[in-house]
Amino acid sequence: PEACIEHPDAVLQLHKEFVHNGAEVLQATTFWASEERLSGKSDSVNDSACKLAKQAADDGEDILIAGSVSRTDYYKEGRGKERCQEEFKKQLKYYVENDLDFVVAEYFDHTDEAEWAVEVLKTAQKPVMATLCIGPKGDVDGVSPGDCAIRLAKAGANVVGVNCRFGPDNGIETIKLMKAALEKAGVQAYLAIQPYGYHTPDASLTGYRAMAEYPFALEPRTLTRADCHKYALAAYEAGARYIAGCCGFQPMHIRAVSEALQDKRDGRVAPVTQNYGKWFNSLESQDKQSDRTKAEYWLSLCAATGRPSNPAISKPVLTEEEQLKESASF
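The structure presented is a predicted model; accordingly, all values stated were derived computationally and were not measured.

(A) Up close: the packing of aromatic side chains. Counted under the stated rule, the structure contains 12 aromatic pairs. Both rings, one in Trp 32 and one in Tyr 107, keep their centres 5.9 Å apart while their planes meet at 75 degrees; by these two values the pair is edge-to-face. Taken together, the residues span a long stretch of sequence, with Trp 32 in the loop between β1 (25-27) and α3 (42-57) and Tyr 107 in strand β3 (residues 102-108) at a distance of 75 residues. By relative accessible area, which is 23% here, Trp 32 ends up partly exposed. Centre to centre, the rings of Tyr 208 and Tyr 214 are 4.8 Å apart; their planes meet at 35 degrees, and the pair counts as tilted. For Tyr 208, a relative accessible area of 7% corresponds to the buried category. We classify Tyr 214 as partly exposed; its relative accessible area is 30%. Each residue in the set Tyr 196, Tyr 198, Tyr 208 and Tyr 214 is aromatic and connected to the rest through ring pairs, giving one cluster. Directly above the aromatic system of Tyr 74 lies the positively charged group of Arg 83, at a separation of 4.1 Å from the ring centroid.

The structure is reproduced here in structure tokens:
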């Protein structure tokens with residue numbers, strides 16, 4: 001987040017790239033920008049982050065801006081609800097002063113701390129979204145995805161779901177569990193999914209953090225444009241209506257999501273698509289007869305990795321017990 005005051009032009013340009021590629025929401029670069037983590041810089045970082053996102057939104061039409069709070073070390077240190085909520089309030093102040101459109105509690109792995117965050121965010125009198133960094137097994141306290149969703153919705157979140165740590169397939173499985181539980185309990189909330197930008201079929205309880213390749217050898221798992229196209233449609237089918245990406249998602253990935261869902265959102269078209277057509281049409285100028293100019297080719301392709309000696313799946317370097325211990329200290 002310090003980039004907002006150290007390299008604001010770069011942050012602004014990145015926001016604009018996402019708008020150009022079809023993003024309808026810009027999240028201010030406020031993740032991990034609490035006073036706890038950025039002592040002495042938090043105020044200027046949060047204010048700058050909000051202003052940069054709003055400036056970039058002027059490049060598009062009807063772009064929404066959000067600001068977020070995330071989990072604290074105070075929770076893990078046992079400092080209690082009041083201390084954690086004090087930290088959330090410090091960031092929320094800037095989202096209210098800059099009149100952002102909605103607020104987000106994200107990247108929580110303990111549902112009760114996420115509930116505390118939602119309680120604070122509700123005071124802004126703006127829509128609230130709450131997402132957990134969990135997979136199909138639920139949070140680190142053993143709370144199931146369905147119960148997580150119900151609790152967050154009852155706490156006041158208008159949108160609930162998942163973000164980070166797990167790839168699209170794991171995330172879709174998780175929000176299906178959330179949707180089923182919400183419907184069974186008769187609790188109303190929209191569903192959101194913002195997966196990790198890498199394939200994690202072998203992820204365990206805490207997702208990528210236990211994988212052998214984390215953090216410096218994840219590139220072979222990177223999502224392709226076709227992966228993102230298929231993810232967007234599958235997420236929509238699963239019931240998600242806030243469909244986005246987390247770490248590893250680049251503007252090209254959001255373009256694929258935007259184009260996949262174009263018919264689902266009243267034909268809204270990304271600026272880059274208006275100018276150049278859909279991503280898989282870019283080869284038409286070279287060979288109009290080629291199958292490679294058709295979506296079906298790319299969406300059905302089983303892409304080779306070019307790494308004949310690499311396994312498709314790896315074993316977690318941490319057991320689930322070790323993952324729980326690590327979660328308690330990070």
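Having seen it, we continue.
(B) Quick look at the environment of Asp 141. Topologically, Asp 141 is positioned in the loop between β4 (128-132) and α7 (145-155). Between the C-alpha atoms of Asp 141 and Pro 168, which are 27 residues apart in sequence, the distance is 23 Å. A polar atom in the side chain of Asp 141 sits 2.7 Å from the side chain of His 110.

(C) Geometry of the packing of α7 against helix α8 (residues 168-185). Following both chains from N to C, one finds α7 and α8 inclined at 60 degrees, their axes separated by 7 Å at the closest point. Viewed along their axes, α7 and α8 adopt a mutual orientation that is oblique. As α7 runs across α8, the sense of the crossing is right-handed. Contacts from Pro 145, Gly 146, Ala 149, Ile 150 and Ala 153 of α7 reach α8 at Thr 174, Leu 177, Met 178, Ala 181, Leu 182 and Ala 185.

(D) Quick peek at the side chain of Asn 98. Relative to the helices and strands, Asn 98 resides in the loop between α5 (81-97) and β3. We classify Asn 98 as buried; its relative accessible area is 8%. Engagement of the side chain of Asn 98 in a polar contact is seen with the side chain of Lys 51, the distance being 3.0 Å. One polar contact links the side chain of Asn 98 to the main-chain carbonyl oxygen of Tyr 94, over a distance of 2.9 Å.

(E) Main features of the environment of Cys 50. Relative to the helices and strands, Cys 50 is located in helix α3. Since its relative accessible area comes to 0%, Cys 50 is described here as buried. Discounting chain neighbours no more than four positions away, the residues touching Cys 50 are Ala 28, Tyr 94, Tyr 95, Asn 98 and Leu 100.

(F) The arrangement of unusual backbone geometry in detail. Cis geometry is adopted by the peptide bond preceding Pro 215, which originates at Tyr 214 and carries an omega value of 0 degrees. In this model, Cys 164 sits at a positive phi of 65 degrees, which is unusual for a non-glycine residue. With respect to the helices, strands and loops of the structure, Cys 164 is situated in the loop between β5 (159-163) and α8. For Cys 164, a relative accessible area of 4% puts it in the buried group. Positive phi outside glycine occurs at Asp 266, with the angle close to 60 degrees. When you line up the elements, Asp 266 lands in the loop between α10 (251-260) and α11 (271-276).

(G) The pairing of β3, seen in detail. The buried fraction of β3 amounts to 7 of the 7 residues, a majority that puts the element mostly inside the structure. Two strands pair when backbone bridges link them, and β3 and β4 are joined in this way by 4 bridges, in the parallel orientation. By the bridge assignment for β4, Phe 108 is matched with Leu 132.

(H) View of the nonpolar core. Core analysis: the largest hydrophobic core is formed by 76 residues, its most contacted members being Val 160, Leu 182, Ile 193 and Ile 243. Once you skip the residues sitting within four places of it in the chain, Leu 182 turns out to touch Ala 149, Ile 150, Ala 153, Val 160, Val 187, Ala 189 and Leu 191. One finds Cys 133, Phe 166, Met 211 and Leu 218 within the second-largest nonpolar core, a separate group that totals 10 residues.

(I) Representation of the sheet that holds strand β6 (residues 190-194) in the model. Pairing within the open sheet is parallel, and its 7 strands lie in the order β1-β2-β3-β4-β5-β6-β7. What marks the edges here is a single partner per strand, and that holds for β1 and β7 (242-243). Packing against the sheet, helix α6 (residues 111-122) makes contact with β2 (64-70), β3 and β4, and its axis sits at approximately 165 degrees to β3.

So, how was this worked out
- Residues numbered from 1 in each chain as written.
- Predicted model: local features only at pLDDT ≥ 70, side-chain atom pairs only at ≥ 80, totals over all residues.
- Heavy atoms only, no water.
- Phe/Tyr/Trp six-rings, centres within 6.5 Å; stacked < 30°, edge-to-face > 60°.
- Helix = DSSP H or I, 4+ residues; strand = E, 2+ residues; numbered from the N terminus.
- Buried < 20%, exposed > 50% of the residue type's maximum accessible area, 1.4 Å probe, protein only.
- Lys NZ or Arg CZ within 6 Å of the ring centre and 35° of its normal.
- Polar contact = N/O pair within 3.5 Å; in protein donor to acceptor, adjacent residues only side chain to side chain.
- Axes fitted to C-alpha atoms, helices over the stretch in contact; angles between N-to-C directions.
- Parallel < 35°, antiparallel > 145°, perpendicular 65-115°, else oblique.
- Left-handed = near helix turned anticlockwise from the far one by under 90°.
- Contact = heavy atoms within 4.5 Å.
- Pairing = 2+ DSSP bridges.
- Core = buried A, V, L, I, M, F, W, Y, C linked by side-chain atoms within 4.5 Å.

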